[in-house]
Amino acid sequence: MDKIVISGGHVLQGEVQVSGAKNSALPILASTILGGGECVISNIPRVVDVVTMGKLLGILGADVHHEGNRAVIKADVIRSTQAPYELVKTMRASVLVLGPLVARWGEAVVSLPGGCAIGSRPVNLHLAGLAKLGAEVSIEHGYIRAKAKRLKGAPIYCDVPTVTGTENLMMAASLAQGTTVIENAAKEPEIVDLANFLVKRGARIAGAGTDVITIEGVRELRGSDHEVIPDRIEAGTYVVAGAITKGSISVNRCRPEHLEPLLNKLGEAGVSIRVEKERVHIDASKRGRLKGVDVRTLPFPGFPTDMQAQMVALMSVAEGTSIITETVFESRFMHVEELRRMGADIRVEGNRVVITGHERLAGAPVMASDLRASAGLILAGLAAEGTTDVLRVYHLDRGYERIEEKLRALGAVIDRQKG
Ligand code: UD1
């Protein structure tokens, strides 16, 4: 298995370009099967999850052509309405084909995603929402089965704001008969991106990006072009890479407004930040250690849970004590044990960690447990003295495009060893 080897202690400087958002590309790709005609999606990150989604669409019968960061997809007919366990187990976001399949093809059989490294991740709200829209939903032999002649618009209230749940229901409701109102919807930028794409295809959606989304169902959707928004989590990861190495870097082609919760905390910690239209410049070179700050993860526009591991790494070398509370997922602290192996002083107390910052971490072999935990360990490795080997990098490859190359261009000493 491949591993990433980092020789830490190098100050990062220069510019880095952000790729398209994985979490936007996945629902947008899944939504292509909602209608016929040609869809040309650009700025797609070349990461393993996107390849998996392409495979899944191919299994369902869509015509998928990837060329670099662009995909051309046609789904005039569907051969199968089944998303098999083999694919869903490698990527939970496969569940995003559930809504489109049942809305357009009247049936969906999608493997029920299992537990994962960040805790139990139910899809009950996806299923309850589809049932509200009139689908007959059952679980049989580990598969979700949903059936409906034509979905009917309805009011849907989500107990908790769920990102992929909101996306699934918004896609399904686009083809339902009548009006659907999703209350307590998730407000993430990726939901707005998906809604913009669907609207270009003829859907009638209002309120995406707020907690009430109204969808007037239409008979059919047409093909369209779309450019995926920049990845705010990838951008945030590079921002923290600059901060943790006391560097000075520009993160280009990003949407600074999507990074506000992170930039706000980094400003509080002492990082100088300059924001331009599509660019963020951060400078942590002109002062001593950053100050420890407290963080609480929340749904957007709160601090993203997908930046929590990176923030734990940063606070491990900050001055003083910081408390990071995880409120979105139940057990998302698998990276903590690994960071401790690098000398970090972190205590887990239920859903929060108490971090006493130390000036230096020490390089060590560490094991990645999930996508964002991998990013946290790489950041720690960049700041540590000596060599850090990050094992199980297949997690990282699910969501970061050419991360070693991008970090190397900023002055990091980082390599991939094929295993
Ligand atoms: C998405 C993102 C993931 C991010 C997460 C939270 C994608 C492909 N993935 O995941 O990177 O970490 O949002 O920002 O976009 N929940 C329920 N019942 C449900 C659905 C969710 O109780 O039916 C709970 C979850 O257990 C969790 C919370 O809702 O506690 C939020 O999860 P959700 O927004 O659904 O996460 P995902 O969409 O899976």
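Every chain begins its residue count from 1, and numbering advances along the sequence as written. Reporting in this predicted model follows two pLDDT cut-offs: at least 70 for local features of residues, and 80 or more for side-chain atom pairs to be given and counted; totals over whole chains, interfaces and linings ignore these cut-offs and use all residues. Computation of side-chain values: all heavy atoms of the structure, hydrogens and water removed.

K.L.:
Can you walk me through the overall build of the chain in this structure?
P.N.:
To qualify as a helix, a DSSP run of H or I must reach at least 4 residues; to qualify as a strand, a run of E must reach at least 2; elements of each kind are numbered from the N terminus. From N to C terminus, the chain includes 14 helices and 24 strands. The C-alpha atoms of the chain give 21 Å as radius of gyration, which agrees with the globular expectation for 419 residues (22 Å, within 12%). Across its three principal directions, the C-alpha atoms of the chain cover 65 × 40 × 40 Å. Whether a residue is buried, partly exposed or exposed follows from its accessible area with a 1.4 Å probe, protein chains only, as a fraction of its type maximum: under 20%, in between, or over 50%, in that order. Counting all 419 residues of the chain, 58% fall into the buried class. Whether two residues are in contact is decided by their heavy atoms, any of which lying within 4.5 Å being enough. Expressed as a percentage of contacts within the chain between residues at least 6 apart in sequence, the contacts between residues at least 24 apart total 74%. Using a 1.4 Å probe, accessible areas were evaluated by the Shrake-Rupley method; residue-level cover was limited to the displayed protein chains. With the model as given, the accessible surface of the chain reaches about 16,300 Å², and the carbon-plus-sulfur share is 48%. Each charge sign in the chain was given a centre, from 50 positive and 48 negative side chains, and these centres are 2 Å apart. We take the radius of gyration over the C-alpha atoms and set the globule estimate at 2.2 Å times the residue count to the 0.38 power. Charge convention: Lys and Arg are scored as positive, Asp and Glu as negative, and His as well as the terminal groups of each chain are ignored. By convention, charge coordinates are those of NZ in Lys, CZ in Arg, CG in Asp, or CD in Glu.

K.L.:
I'm lost on the sheet that holds strand β7 (residues 107-111) in this one. Help?
P.N.:
Note: strands within a sheet are paired through backbone hydrogen bonds, in either parallel or antiparallel orientation. For two strands to pair, DSSP has to find at least two bridges joining them. Spatial ordering of the open sheet is given by β6-β7-β9-β8, a layout of four strands whose pairing is mixed. Lying at the two open borders of the sheet, with one neighbouring strand each, are β6 (82-83) and β8 (136-140). Sheet topology places β6 next to β7; two bridges connect them, and they run parallel. Residue pairing across strands places Q82 opposite V109, the latter belonging to β7.

K.L.:
Whenever I open this one, the pairing of strand β17 (residues 279-283) confuses me. Can you help?
P.N.:
Of all five residues that make up β17, four are buried, and the element is covered over most of its length. Bridging between strand β15 (residues 248-252) and β17 involves five bridges; their strand directions are antiparallel. The partner of V251 across the bridge, within β17, is V280. Across four bridges, strand β16 (residues 272-275) lies against β17 in antiparallel orientation. When the sheet's bridge partners are listed, S272 is paired in β17 with D283.

K.L.:
Looking at this structure, how should I read the nonpolar core?
P.N.:
Here is a general trend for soluble globular proteins: nonpolar side chains tend to be buried in one another's company. Side-chain atoms within 4.5 Å are what join buried Ala, Val, Leu, Ile, Met, Phe, Trp, Tyr and Cys residues into a set we call a nonpolar core. In terms of nonpolar packing, the biggest core is built from 71 residues, with M53, V97 and M170 touching the most fellow members. If we ignore the near neighbours within four places in the chain, the residues touching V97 are A30, I33, M53, L56, L57, L60, A83 and V110. Counting residues in hydrophobic clusters, the runner-up holds 67 residues, among them Y238, M342, I355 and V393.

K.L.:
Any chance you could explain the packing of helix α11 (residues 334-341) against helix α12 (residues 371-383) here in plain terms?
P.N.:
Relative placement of two packed helices is described by the angle separating their axes and the distance separating the axes. For every element, the axis is a line fit to its C-alpha atoms; helices are fit only across the contacting stretch, and the angle between N-to-C directions ranges from 0 to 180 degrees. For the pair α11 and α12, interaxial distance at closest approach is 9 Å and the crossing angle is 20 degrees. The orientation of α11 relative to α12 falls into the category roughly parallel. The chirality of how α11 crosses α12 is right-handed. Facing H335, E338 and L339 of α11, the residues of α12 in contact are A373, G376, L377 and A380. Its residues assigned to classes, the contact of α11 with α12 shows four nonpolar, two polar and one charged. Oblique is the label for every angle not falling under 35 degrees (roughly parallel), over 145 degrees (roughly antiparallel), or within 65 to 115 degrees (roughly perpendicular). Rotating anticlockwise by less than a right angle from the far helix to the near helix defines a left-handed crossing, while the corresponding clockwise rotation defines a right-handed one. Classes in brief: Ala, Val, Leu, Ile, Met, Phe, Trp, Tyr, Cys and Pro nonpolar; Asp, Glu, Lys and Arg charged; the others, Gly included, polar.

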